[in-house]
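As a plain string of letters, each chain reads:
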Amino acid sequence: MPRTLVTGGAGFIGSNLCERLLHEGHNVICMDNFITGRPDNVAHLIGDDRFELIEHDVTNYVYVPGELDYILHFASPASPIDYLQLPIQTLKVGALGTHKTLGLAKAKGARFLLASTSEVYGDPLEHPQSETYWGNVNPIGVRGVYDEAKRFAEAMTMAYNRYHGVETRIVRIFNTYGPRMRASDGRVVSNFINQALRGDDITVYGDGSQTRSFQYIDDLVEGVYRLLLSDEVDPVNIGNPGETSILEFAEEIVAMTDTSSKIVFKELPKDDPKVRQPNIAKAKDVLGWEPRVPREEGLRLTTEYFRGIAELV
Ligand code: NAD
Ligand code: UDP
């Protein structure tokens, strides 16, 4: 049975990954300091004796007794409002946390998978973005703390691969949504759905002409799992190419939830990328992967999830 460490395992993506790995027969160690995640996300896994939850900040030395076959490094604040409020922690977990977990992978002879991001492409001058594009990032802008940390993390991962021979994988994740997102995480999907459910104004930033491409969590988990088992060392985009403007997206949410909410326009955050859409030719070719869940279906499942939480509160 493989033994696998998931950092950031109590977060939105990490908790979904822990579940999948258990399902695939792994013993899973979930490590998290709960800075943006919560134990509740994995509470249902606690009874399983193949699952272990450890509270730890991975920017400090990481100790795990026994053998490890895989390390999936997903720890990092990920929503813009989180990393704007936690700039130093975000830089540290991308830099020091990646260094510590790579060191652990080297010591254990484990395969390492880094959760990178489409943000390494910044405000892209190539559209859609393929893995060969080097990006257009403002290093000293407010989003730089996240984008540059992830760019450093990719460089560090490749250095451990080339210099120390550690087996590494890098996934560049595009905007992902689904159950276990925090209702208050400030991301557009959670904001719009929760605003619509409450009947509050739907806040479109700027004129809403900026675009994003949203993928459902189950598609991402499938892509990550396939990449983990593949031989591909260079980064692979995992995202859904279905692109929408943010204004069209707001209209879609209004129609879907049949809400009385009005769409209002607010100031566009600094350095907000104007477009984003993955080129997934490589994932198709190398992993035989492509997204399966249509946006309508994914949004329905996510809305049900948020409705359920609202009833609990
Ligand atoms: P999340 O905030 O829900 O999860 C991140 C988890 O990491 C949280 O549980 C948090 O407590 C933990 N964490 C942060 N710093 C830590 C530290 N120093 N030590 C231990 N744990 C720490 O966010 P998410 O959306 O699940 O993102 C997970 C990963 O995927 C991140 O690395 C993020 O950069 C990447 N990613 C996410 C998206 C997306 O659309 N959700 C897109 C691109 C990349
Ligand atoms: N956005 C918006 N209203 C909101 C939250 C976000 O118009 O209430 C916009 C934001 O400016 C960006 C897009 O939606 O253009 C996606 O934002 P998100 O925070 O989800 O992630 P990003 O892709 O910017 O990292």
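Structure's up top.
All values derive from a computational prediction rather than experimental measurement.

### A few points about the environment of arginine 20
And step 1. Summarising the element assignment, arginine 20 is placed in helix H1 (residues 12-23).
And step 2. Put simply, arginine 20 and lysine 266 are 246 residues apart on the chain and 38 Å apart in space, counted from C-alpha to C-alpha.
And step 3. Ignoring any residue separated from it by four or fewer positions in sequence, one finds arginine 20 in contact with Val221, Glu222 and Tyr225.

### Description of the packing of aromatic side chains
And step 1. This structure, assessed with the given rule, holds seven aromatic pairs.
And step 2. Ring centres of tyrosine 121 and phenylalanine 174 lie 6.1 Å apart, and the angle between their planes is 40°; on these two criteria the pair is classed as tilted. Separated by 53 residues along the polypeptide, tyrosine 121 in the loop between strand E5 (111-117) and helix H4 (144-164) and phenylalanine 174 in the loop between strand E6 (168-173) and strand E7 (176-177) bring together distant segments of the chain. Take tyrosine 121 and phenylalanine 174: they sit in the same class, and that class is buried.
And step 3. These aromatic residues form a ring-pair network of at least three members: Tyr121, Tyr133 and Phe174.

### Describing the side chain of asparagine 191
And step 1. If you trace the backbone, asparagine 191 turns up in helix H5 (residues 188-198).
And step 2. Ignoring any residue separated from it by four or fewer positions in sequence, one finds asparagine 191 in contact with Gly186, Thr203 and Tyr205.

### Comments concerning unusual backbone geometry
And step 1. In this structure, the amide linkage connecting histidine 127 to the following residue, proline 128, adopts the cis form with an omega of -10°.
And step 2. For proline 128, the location among the structural elements is in the loop between E5 and H4.
And step 3. A positive phi angle is found at phenylalanine 34, which is not glycine, with a value near 60°.
And step 4. Phi at arginine 180 takes a positive value of approximately 85°, unusual for a residue other than glycine.

### Examining the sheet that holds strand E4 (residues 70-73)
Within a beta sheet, neighbouring strands are joined by backbone hydrogen bonds and run either parallel or antiparallel to one another.
And step 1. Taken together, seven strands build an open sheet; the order of strands is E3-E2-E1-E4-E5-E6-E11 and the sheet is parallel. Looking along the sheet, the strands with just one partner apiece sit at the ends: strand E3 (51-55) and strand E11 (236-238). Each adjacent strand pair in this sheet contributes to an overall mean axis angle of 20°, direction not counted.
And step 2. Summarising the sheet, strand E2 (residues 27-32) and E3 pair through five bridges and their orientation is parallel. Across the sheet, methionine 31 pairs through a bridge with isoleucine 54, a residue of E3.
And step 3. Each of strand E1 (3-7), E4, E5 and E6 is contacted by helix H3 (residues 87-108), which is oriented at about 175° to E4, the strand it contacts most.

### Brief notes about the site of ligand 2
And step 1. Residues in contact with ligand 2 amount to 18 residues; listed here are only the nearest, Thr203, Tyr205, Arg212, Asp272 and Arg276.
And step 2. Here an oxygen atom of ligand 2 and a side-chain polar atom of asparagine 191 are 2.8 Å apart.
And step 3. At 2.6 Å from an oxygen atom of ligand 2 is found a side-chain nitrogen or oxygen belonging to aspartate 272.
And step 4. Here ligand 2 loses 95% of its free accessible area of 520 Å² to cover by the protein chains.
And step 5. Contributing elements (two or more residues each) for the shell around ligand 2: H5 and strand E8 (202-205).
And step 6. When grouped by side-chain class, the residues that make up the shell around ligand 2 number seven nonpolar, five polar and six charged.

Analysis parameters
- Residues numbered from 1 in each chain as written.
- Chains lettered and ligands numbered in written order.
- Predicted model: local features only at pLDDT ≥ 70, side-chain atom pairs only at ≥ 80, totals over all residues.
- Heavy atoms only, no water.
- Helix = DSSP H or I, 4+ residues; strand = E, 2+ residues; numbered from the N terminus.
- Contact = heavy atoms within 4.5 Å.
- Phe/Tyr/Trp six-rings, centres within 6.5 Å; stacked < 30°, edge-to-face > 60°.
- Buried < 20%, exposed > 50% of the residue type's maximum accessible area, 1.4 Å probe, protein only.
- Pairing = 2+ DSSP bridges.
- Axes fitted to C-alpha atoms, helices over the stretch in contact; angles between N-to-C directions.
- Near = heavy atom within 4 Å.
- Polar contact = N/O pair within 3.5 Å; in protein donor to acceptor, adjacent residues only side chain to side chain.
- Areas by Shrake-Rupley, 256 points an atom, 1.4 Å probe, with all protein chains shown as cover.
- Nonpolar A, V, L, I, M, F, W, Y, C, P; charged D, E, K, R; others polar.

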